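Commentary on secondary and tertiary structure
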Number of protein chains: 2
Amino acid sequence: MARTDDPSDRRAPTIKDVALLAEVGIKTVSRVLNDEPGVRPETRDRILKAVESLGYRRNEIASSIRRRDRRTASIGLIVEDLANPFASSVTRAIQDFAAARSHLVLVGSSDGDPARERTLVQEFGSRLVDGLIIVPSGADQSYLDYERAHGVPVVFVDRPGKRFKADTVVSENAGGTAEAVRHLAARGHERIAFLGDRQSVYTAAQRLAGFKSAMEALHGTADKRYIRTGLRDSRQAHDAAVEVFGLDPAPTALVCGNNLATIGAVHALQELGIRDRVACIAFDDIELADLLRPALTVIAQDTAALGAGAARLLFDRLDEPGAPFRRTTVPVRLVPRESGEIPASA
Amino acid sequence: MARTDDPSDRRAPTIKDVALLAEVGIKTVSRVLNDEPGVRPETRDRILKAVESLGYRRNEIASSIRRRDRRTASIGLIVEDLANPFASSVTRAIQDFAAARSHLVLVGSSDGDPARERTLVQEFGSRLVDGLIIVPSGADQSYLDYERAHGVPVVFVDRPGKRFKADTVVSENAGGTAEAVRHLAARGHERIAFLGDRQSVYTAAQRLAGFKSAMEALHGTADKRYIRTGLRDSRQAHDAAVEVFGLDPAPTALVCGNNLATIGAVHALQELGIRDRVACIAFDDIELADLLRPALTVIAQDTAALGAGAARLLFDRLDEPGAPFRRTTVPVRLVPRESGEIPASA
DNA sequence: TTGTACGCGTTATCAT
DNA sequence: ATGATAACGCGTACAA
């Protein structure tokens with residue numbers, strides 16, 4: 001028999017309930033639900049009426065375990081910290097792309113912890129996501145072999161994974177800092193400082209590389225005393241900035257490798273009373289950057305393109321599992337406001 | 001028979017494969033996987049070894065459709081726009097709470113569109129989420145009756161839903177603006193302006209209400225000419241600010257009801273050359289608020305408590321479906337920096 | 001045009 | 001202590 005007649009039954013109606021009410025077989029109901037041909041219009045009407053009156057909704061989960069493609073129309077996304085504006089913007093873009101393909105997005109934050117990343121991958125995997133988009137942490141993503149072996153494609157975003165080849169989308173980090181250097185050089189700056197994170201962080205290394213190569217192209221060399229890396233938080237960035245701008249001769253301009261560096265550096269410049277004299281270009285746009293005085297000139301990442309690009313690569317691979325891996329580089333954009341336009345006067 | 005022996009079989013190993021390899025029945029495997037008693041240690045070992053060697057992972061989806069509680073250990077979250085820092089902070093807090101209970105989070109953005117909200121609810125529902133957390137949009141959440149009837153609890157966050165009673169977590173909006181007024185009054189301000197969004201937006205209405213009641217408590221009345229609402233974007237806020245500060249006598253202080261108002265207002269004050277003279281307190285903290293000059297005094301929402309509170313209400317209801325509905329109000333915090341400390345000199 | 005039987009991977013029932 | 005078998009809700013093969 002079907003189910004209890006108890007009206008307080010909390011369970012949602014099933015295809016069986018619909019079939020019973022419409023007095024047809026479940027397969028006929030299934031046909032109607034899936035727009036398959038071969039159902040008489042009147043039968044069809046009767047079934048749709050039953051669907052309506054019962055408030056029937058397809059159980060997508062049960063459906064997916066039985067369907068040939070076994071797709072759940074959901075993808076998993078792992079970022080470092082969703083509370084970070086960069087991560088949430090990328091996530092939003094992925095959401096939109098996924099929604100356009102009627103897919104839902106499971107989101108998790110790894111906090112840069114490789115173990116947490118693995119745990120999330122497993123949890124996503126056991127919930128049968130169709131694919132994964134990951135901002136990878138740590139030195140080894142080879143554990144993803146398991147997912148790939150079972151048909152779950154992976155796309156890396158923001159930085160490449162290690163020991164695991166996969167489709168990847170990254171920003172044009174080196175190009176961004178190089179452009180910043182040229183932008184400053186065009187305004188007469190020669191002594192340009194750089195504040196950045198640990199070089200083990202992919203983006204930090206790329207940004208420094210771009211900085212160095214542009215400096216070398218311009219002046220033949222980049223003064224090492226003006227370059228400070230390994231800065232883990234804004235406090236360290238602040239202290240490094242104070243030191244660098246205490247040098248003689250002091251730099252006349254500054255490139256900040258990330259947000260934390262920017263916060264520390266701006267505070268330092270403020271304290272030193274040189275915020276209006278030292279040119280400054282920061283990687284990553286911030287909210288209300290143009291409310292600052294001077295308004296902050298930034299190298300903005302195209303988070304929308306980053307997210308959409310990652311989603312595109314993932315869906316492309318779902319469509320064509322055998323295609324060669326692709327790596328997309330998303331241009332960054334230097335947004336001139338005021339701080340980067342300060343000339344090297346003194 | 002079990003399955004093809006083709007090693008290129010993309011399908012993940014099942015409990016059946018494990019049983020076959022360990023030479024036991026599937027129920028015994030299930031017992032081991034679920035830590036049920038009544039399995040000889042040596043049998044157990046054999047099974048665990050088979051699990052290991054096959055790389056077996058439980059299919060949580062298949063598991064949930066059969067289990068008595070039918071829980072999928074996933075919840076659905078609908079925010080207005082995940083790219084918004086407020087939304088992403090709340091989301092992060094919910095994620096963490098859910099993770100601590102081994103639940104995954106499906107996230108969607110409604111963009112404030114009621115139809116989109118409904119669509120997302122349906123998609124989440126047909127994927128059998130255990131519960132929903134929603135930042136509601138529009139004038140009618142009664143459609144959620146269906147979810148509740150089928151055992152899916154709902155929690156509203158940031159603002160209450162309409163025509164549908166449910167657990168709710170909101171910020172102490174009115175208290176925040178009231179405190180801002182008192183903060184300004186303590187510095188000698190009497191003519192205080194207010195810039196806010198449409199009054200149909202719950203938080204906007206609450207914030208204005210708090211502003212008015214505090215003004216009336218202080219001066220017996222709130223001058224209507226200094227109050228501008230219905231501001232939909234920073235452009236409108238800018239124009240309203242220019243008008244209000246063109247009045248004679250002009251206000252000496254300003255309370256901004258939201259981020260958009262803040263952006264427009266600060267730009268306006270800047271243009272009018274009174275940014276250093278007019279006191280300003282803004283609702284919602286912003287990144288790098290203390291890099292502004294003057295550093296922005298804000299009424300900060302406790303997004304972590306908002307998210308955690310919503311998640312807590314949801315899990316509590318999952319544990320105890322019959323309990324009376326609760327409404328939690330999360331305190332806001334006035335963060336004094338510089339802009340709110342400017343005295344009413346001139 | 002329609003329905004029956006089976007299978008997906010798991011847990012639940014009940015026997016052994 | 002263990003396992004055969006039903007059941008979950010659905011799609012699929014095939015028979016009617």
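Provided above is the structure to which this section pertains.
Just so you know, these numbers come straight off a predicted model, no measurement behind them.

**What about unusual backbone geometry?**
Leave glycine aside and you will find that most residues have negative phi; peptide bonds, for their part, are mostly trans. All names here are of chain B. The peptide bond linking Asp248 to Pro249 adopts the cis configuration, its omega dihedral lying at 0 degrees. The residue Pro249 is located in the loop between helix 10 (234-244) and strand 8 (253-256) in this model. Of note, the bond from Arg293 into Pro294 is cis; its omega dihedral lies within 30 degrees of zero at -5 degrees. Tracing the backbone shows Pro294 in the loop between strand 9 (279-283) and strand 10 (297-300). One non-glycine residue, Asp35, adopts positive backbone phi at about 55 degrees. By secondary structure assignment, the location of Asp35 is in the loop between helix 2 (26-33) and helix 3 (41-54).

**Section: the protein's contact with DNA strand C**
Taken together, 30 residues sit near DNA strand C, with Gly25, Thr43 and Arg66 of chain A together with Ile15 and Tyr56 of chain B positioned nearest. Among all atoms of DNA strand C positioned within 4 Å of the protein, those belonging to sugar or phosphate total 63%. Arg66 of chain A is positioned such that a nitrogen or oxygen atom in its side chain is 2.2 Å from a base nitrogen of DNA strand C. Contacts to DNA strand C include Ser63 of chain B, whose side-chain N or O atom sits 3.5 Å from a phosphate oxygen. Elements represented by at least two residues in the surface near DNA strand C include exactly helix 2 (26-33) and helix 4 (60-66) of chain A together with helix 1 (15-22), helix 2 and helix 4 (60-66) of chain B. No other element matches helix 4 of chain B, which puts 4 residues into the surface near DNA strand C. Class assignment for the residues of the surface near DNA strand C results in 8 nonpolar, 9 polar and 13 charged.

**As for the interface of chain B and chain A**
With 62 residues of chain B in contact, the opposing surface of chain A contributes 62 residues. For the pair chain B and chain A, the summed buried surface comes to about 5,700 Å²; carbon and sulfur atoms form 55% of the total. Per-residue buried area on chain B facing chain A is highest for Arg57, Arg127 and Arg293 of chain B; these three make up 14% of the total on that side. For the interface between chain B and chain A, the tally reads 8 salt bridges. Note that Arg92 of chain B and Asp81 of chain A form a salt bridge whose closest N and O atoms lie 2.7 Å from each other. Listing elements by their share of the side of chain B that touches chain A, those giving two or more residues are helix 4, helix 5 (85-100), strand 2 (104-109), helix 6 (114-126), helix 7 (145-149) and helix 11 (259-272) of chain B. With 7 residues, the top contributor of residues to the side of chain B that touches chain A is helix 5 of chain B. A per-class count over the side of chain B that touches chain A returns 25 nonpolar, 17 polar and 20 charged.

**Some remarks on the pairing of strand 2 (residues 104-109) of chain A**
All names here are of chain A. The buried count for strand 2 comes to 6 of 6 residues, which makes it a mostly enclosed element. Of the two faces of strand 2, the one carrying Leu104, Leu106 and Gly108 and the one carrying Val105, Val107 and Ser109 are both buried. Considered for its hand, the β-α-β crossover made up of strand 1 (residues 74-79), helix 5 (residues 85-100) and strand 2 is right-handed.

**Points about the packing of aromatic side chains**
Residue and element names in this part refer to chain B. Under the defined criterion, the tally for this structure stands at 6 aromatic pairs over all chains. Summarising the aromatic geometry, the rings of Phe97 and Phe315 are spaced 5.8 Å apart at their centres and angled 20 degrees between planes, so their arrangement reads as stacked. Note that Phe97 is positioned in helix 5 and Phe315 in helix 12 (residues 303-319), a separation of 218 residues in sequence. Overall, the relative accessible area of 18% leaves Phe97 in the buried class.

**So, the side chain of Thr262 of chain B**
Residue and element names in this part refer to chain B. Inspection of the secondary structure assignment puts Thr262 in helix 11. Note on Thr262: relative accessible area 1%, which makes it buried. Side-chain polar atoms of Thr262 contact the backbone oxygen of Asn258, separated by 2.9 Å.

**Regarding a positive patch on the surface**
Residues Arg11 of chain A together with Arg66, Arg68 and Arg70 of chain B make up a contiguous surface patch of positive charge. Here Arg66 of chain B shows up in helix 4. By relative accessible area, Arg66 of chain B is classed as exposed at 71%.

**Some thoughts on the sheet that holds strand 10 (residues 297-300) of chain A**
All names here are of chain A. A sheet is described by the order of its strands in space; here 6 strands give the open sequence 7-6-8-9-10-12, paired in mixed fashion. Sheet topology places strand 7 (227-228) and strand 12 (333-335) at the edges, where each strand pairs with a single neighbour. Two strands pair when backbone bridges link them, and strand 10 and strand 12 are joined in this way by 3 bridges, in the antiparallel orientation. By the bridge assignment for strand 12, Val298 is matched with Val335. Sitting on the sheet, helix 9 (residues 202-219) is in contact with strand 6 (192-195), strand 7, strand 8 (253-256) and strand 9 (279-283), with an inclination near 165 degrees to strand 6.

**As for the pattern of salt bridges**
All names here are of chain B. Scanning all chains against the criterion turns up 39 salt bridges over all chains. Note that Asp167 and Arg317 form a salt bridge whose closest N and O atoms lie 2.4 Å from each other. In this pair, Asp167 is assigned in strand 5 (residues 167-171) and Arg317 in helix 12, connecting sequence segments 150 residues apart. When sorted by exposure, Asp167 lands in the same class as Arg317, which is buried. For Arg225, the salt bridge is made with Asp223, and the minimal N-O distance between the two is 3.2 Å. The class of Asp223 is partly exposed, set by a relative accessible area of 30%.

Rules used throughout
- Numbers given to residues run from 1 along each chain, matching the order in which its sequence is written.
- Lettering of chains starts at A and numbering of ligands starts at 1, both following the order in which they are written.
- Residue-level local features of this predicted model are given only where pLDDT is at least 70; pairs of side-chain atoms are given and counted only at 80 or more, and the full residue set underlies all totals for whole chains, interfaces and linings.
- As a rule here, side-chain values come from all non-hydrogen atoms in the structure, and water together with hydrogens is ignored.
- Put simply, DSSP H or I for four residues or longer makes a helix, DSSP E for two residues or longer makes a strand, and each gets a number counted from the N terminus.
- Any residue with at least one heavy atom within 4 Å of a molecule or strand is counted as near it.
- Definition of a polar contact: a pair of N or O atoms within 3.5 Å, with one able to donate and the other able to accept a hydrogen when the atoms are protein atoms, and with sequence-neighbouring residues admitted only if both atoms are side-chain atoms.
- Gly counts as polar in this scheme, as do all residues outside two lists: the nonpolar Ala, Val, Leu, Ile, Met, Phe, Trp, Tyr, Cys and Pro, and the charged Asp, Glu, Lys and Arg.
- Two residues qualify as a contact provided that any one of their heavy atoms is within 4.5 Å of a heavy atom in the partner residue.
- Two parts placed together each lose some accessible area; with a 1.4 Å probe, that loss summed over both constitutes the buried area.
- Here a salt bridge means any side-chain nitrogen of Lys or Arg lying within 4 Å of a carboxyl oxygen belonging to Asp or Glu.
- Burial classification: accessible surface area is computed with a 1.4 Å probe over protein chains only, and a residue below 20% of its type maximum counts as buried, one above 50% as exposed, and the rest as partly exposed.
- Crossover handedness is defined here as right-handed if the route from the first strand over the helix to the second strand goes clockwise, with the strands pointing away from the viewer.
- Note on aromatic contacts: the rings of Phe and Tyr and the six-membered ring of Trp form a pair at centre separations within 6.5 Å, being stacked when their planes are under 30 degrees apart, edge-to-face when over 60 apart, and tilted otherwise.
- Like charges within 9 Å and nonpolar side chains (Val, Leu, Ile, Met, Phe, Trp, Tyr) within 5 Å are joined into patches, using only residues over 30% in relative accessible area that form no salt bridge.
- Surface accessibility in these figures is a Shrake-Rupley result with a 1.4 Å probe; residues are shielded only by whichever protein chains are displayed.
- In this tally Asp and Glu are treated as negative and Lys and Arg as positive; neither His nor the chain ends contributes.
- In this description, the location of a charge corresponds to atom NZ of lysine, CZ of arginine, CG of aspartate or CD of glutamate.
- A strand pair is defined by DSSP finding two or more bridges across the two strands.
- Orientation is described by axes fitted as lines to C-alpha atoms, over the contacting stretch for helices, and by angles from 0 to 180 degrees between their N-to-C directions.

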